Amino acid sequence: MLEFLVHKCIKDADEIERPEVRKRYGFFSSIVGIICNVILFASKLAIGLIAGSISIVSDGVNNLSDCATCIVTMFGYKMAAKPADRDHPFGHGRIEYISGLFVAVMIILMAYELIKDSIGKILHPELPKFSSLVAVILVVSIGVKIYMYFYNRSIGRKIESATMIATAKDSLSDTFSTMVVLASALAAHFWKIPIDGYCGLLVGVMILIAGITAMKDTVSPLLGQAPEPELVDEIEKIVRCDKRILGIHDLVVHDY
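All figures in this text were calculated on a predicted structure; none of them were measured in a lab. (Residues numbered from 1 in each chain as written. Predicted model: local features only at pLDDT ≥ 70, side-chain atom pairs only at ≥ 80, totals over all residues. Heavy atoms only, no water.)

1. Regarding the overall build of the protein chain
Rules: Helix numbering and strand numbering both begin at the N terminus, where a helix is a DSSP run of H or I of at least 4 residues and a strand a DSSP run of E of at least 2. For every residue, the accessible area obtained with a 1.4 Å probe (protein chains only) is divided by the maximum for its type, and the residue is called buried under 20%, exposed over 50%, and partly exposed between those limits. A contact between two residues is defined here by any heavy atoms of the two lying within 4.5 Å. Using a 1.4 Å probe, the Shrake-Rupley method yields the accessible areas, and only the shown protein chains count as cover for residues.
When helices and strands are counted, the protein chain shows eight helices and zero strands. Each of the three principal axes of the protein chain carries a C-alpha extent, and together these read 80 × 35 × 30 Å. With 256 residues in all, the protein chain has 42% of them scored as buried. A separation threshold of at least 6 residues defines the contact pool for the protein chain, and within that pool the share at least 24 residues apart is 71%. Accessible surface, the protein chain as shown: approximately 13900 Å² in total, 69% of it carbon and sulfur.

2. A few points about helix H5 (residues 132-159)
What counts here: Residue count minus one, scaled by 1.5 Å, sets the expected span of a helix.
Along its 28 residues, H5 runs 41 Å from first to last C-alpha, staying within 8% of the 40 Å computed at 1.5 Å per residue. Note on H5: the residue one or two positions beyond its end, Glu 160, has a positive phi of about 50 degrees.

3. Comments concerning the packing of helix H6 (residues 162-190) against helix H7 (residues 196-223)
Axis angle and axis distance: for two packed helices, these are the angle between their axes and the distance between the axes, and together they describe the pair. The criterion, for reference: To obtain an axis, a line is fitted to C-alpha atoms, over the contacting stretch when the element is a helix, and the angle between two such axes runs from 0 to 180 degrees between their N-to-C directions. Should an angle lie under 35 degrees it is considered roughly parallel, over 145 roughly antiparallel, and from 65 to 115 roughly perpendicular; all remaining angles are considered oblique. Three residue categories are used. Nonpolar comprises Ala, Val, Leu, Ile, Met, Phe, Trp, Tyr, Cys and Pro, charged comprises Asp, Glu, Lys and Arg, and polar comprises the others, including Gly.
Packing of H6 against H7 brings their axes to within 9 Å, and their N-to-C directions diverge by 170 degrees. By the criterion of interaxial angle, the relationship of H6 to H7 is roughly antiparallel. When H6 is examined against H7, the residues Ala 162, Ala 166, Lys 169, Ser 173, Phe 176, Ser 177, Val 180, Val 181 and Ser 184 are found in contact with a partner set consisting of Asp 196, Cys 199, Leu 202, Val 203, Met 206, Ile 207, Ala 210, Thr 213, Ala 214, Asp 217 and Thr 218. Residues belonging to the contact of H6 with H7 are distributed by class as follows: 12 nonpolar, five polar and three charged.

4. Observations regarding the pattern of salt bridges
Inclusion rule: Just to be clear on terms, a salt bridge is a Lys or Arg side-chain nitrogen sitting within 4 Å of an Asp or Glu carboxyl oxygen.
Under the defined criterion, the tally for this structure stands at three salt bridges. Asp 242 is the salt-bridge partner of Arg 244, the closest N and O atoms lying 2.8 Å from each other.

5. Here we look at the nonpolar core
The tendency in soluble globular proteins is for nonpolar side chains to be buried as a group. Convention followed: Here, the term nonpolar core denotes a set of buried Ala, Val, Leu, Ile, Met, Phe, Trp, Tyr and Cys residues that are joined through side-chain atoms within 4.5 Å.
Counting 17 residues, the largest nonpolar core has Ile 56, Val 134, Leu 138, Val 181, Leu 182, Val 203 and Ile 207 as the members making the most contacts within it. Elements that contribute at least two residues to this core include exactly helix H4 (95-123), H5, H6 and H7. Broken down by element, the residue count for this core peaks at five residues, all from H5. Apart from the residues lying within four places of it in its own chain, the contact partners of Val 134 are Ile 47 and Ile 56. If you look at the next biggest cluster of nonpolar residues, it comprises 11 residues, including Ile 10, Cys 36, Ile 155 and Met 164.

6. Structural notes on the environment of Gly 26
Within the secondary structure, Gly 26 is located in helix H2 (residues 19-51). The buried category is assigned to Gly 26, whose relative accessible area is 0%. Separated by 130 residues in sequence, Gly 26 and Gly 156 place their C-alpha atoms 9.4 Å apart. Leaving out residues up to four positions away in the same chain, Gly 26 has contacts with Met 74, Tyr 77 and Met 164.

7. A closer look at H6
Given 3.6 residues per helical turn, the α-helix brings residues three or four places apart onto the same face. This is how the line gets drawn: Contacts described as polar in this section are N or O atom pairs within 3.5 Å, which, within protein, must combine one atom able to donate a hydrogen with one able to accept it, while residues neighboring in sequence count only if both atoms come from side chains.
With 29 residues, H6 should cover 42 Å at 1.5 Å per step; its first-to-last C-alpha distance of 42 Å lies within 8% of that length. For H6, the N-terminal capping position is held by Ser 161, with its side-chain oxygen 3.2 Å away from the main-chain nitrogen of Met 164. One or two steps after H6, the chain reaches Lys 192, where phi turns positive at roughly 55 degrees.

8. Details of the packing of aromatic side chains
Going by this rule: Two rings from Phe, Tyr or Trp (for Trp, the six-membered ring) form a pair when their centres are within 6.5 Å of each other. A pair whose planes differ by under 30 degrees is stacked, one over 60 is edge-to-face, and the rest are tilted.
Scanning the model with the defined rule gives three aromatic pairs in all. Residues Tyr 147 and Tyr 151 carry aromatic rings whose centres are separated by 5.4 Å and whose planes lie at 45 degrees to one another, so their mutual orientation is tilted. Taken together, the residues span about one helical turn, with Tyr 147 and Tyr 151 both in helix H5 at a distance of four residues.

Right under this line is the structure:
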């Protein structure tokens, strides 16, 4: 299904080494993400306010922040596709890493706000209201986020994009957080246990860990991490194809 959509919506989808094609991938993924997250935010905000659940509202606001990160991702891919110029002779490809770093920072800030609100809910617990509509929306949200995780991860691996991988990790953390929110709502309904604040705190910690991991994945290549052994082997094989070359040493790789 994903491959069908990619080849249907992205021109020259297999030419992933071209900046223009990478930009199309970024735009495709971001537009899908914005549409899905806006729908999830609106539905969770409405249900959360009706049910009086801080964890559901927080989960919805988290989806809204995902829309912002999708917009940043689109901007990043647009800038990265710009050709090399006098001031940037190696092109603008590293903007992808910078946009990925921004996504990670957004995730961490959202985690901080969620943790702060959840602590307040722990100190002043209330039983949220529950209905079958709440359960349906949360279950649908879990399904949507699982799908978003797989398609972002697939695209990220295909075009070797740290930004897409970071976005995929964000979707996975959203999946777990919504599962915790659903468990909180069920516990409040069936056992009258006010664990809404504790579940919100757990969600916040999970989102925080995902944000720190995503930040590490984007900062490392910006600082100049060592190349993968497979890439080194491939370069050595290409160089050694010329029989006049006796050996290769002190290989330095810069990632743009």
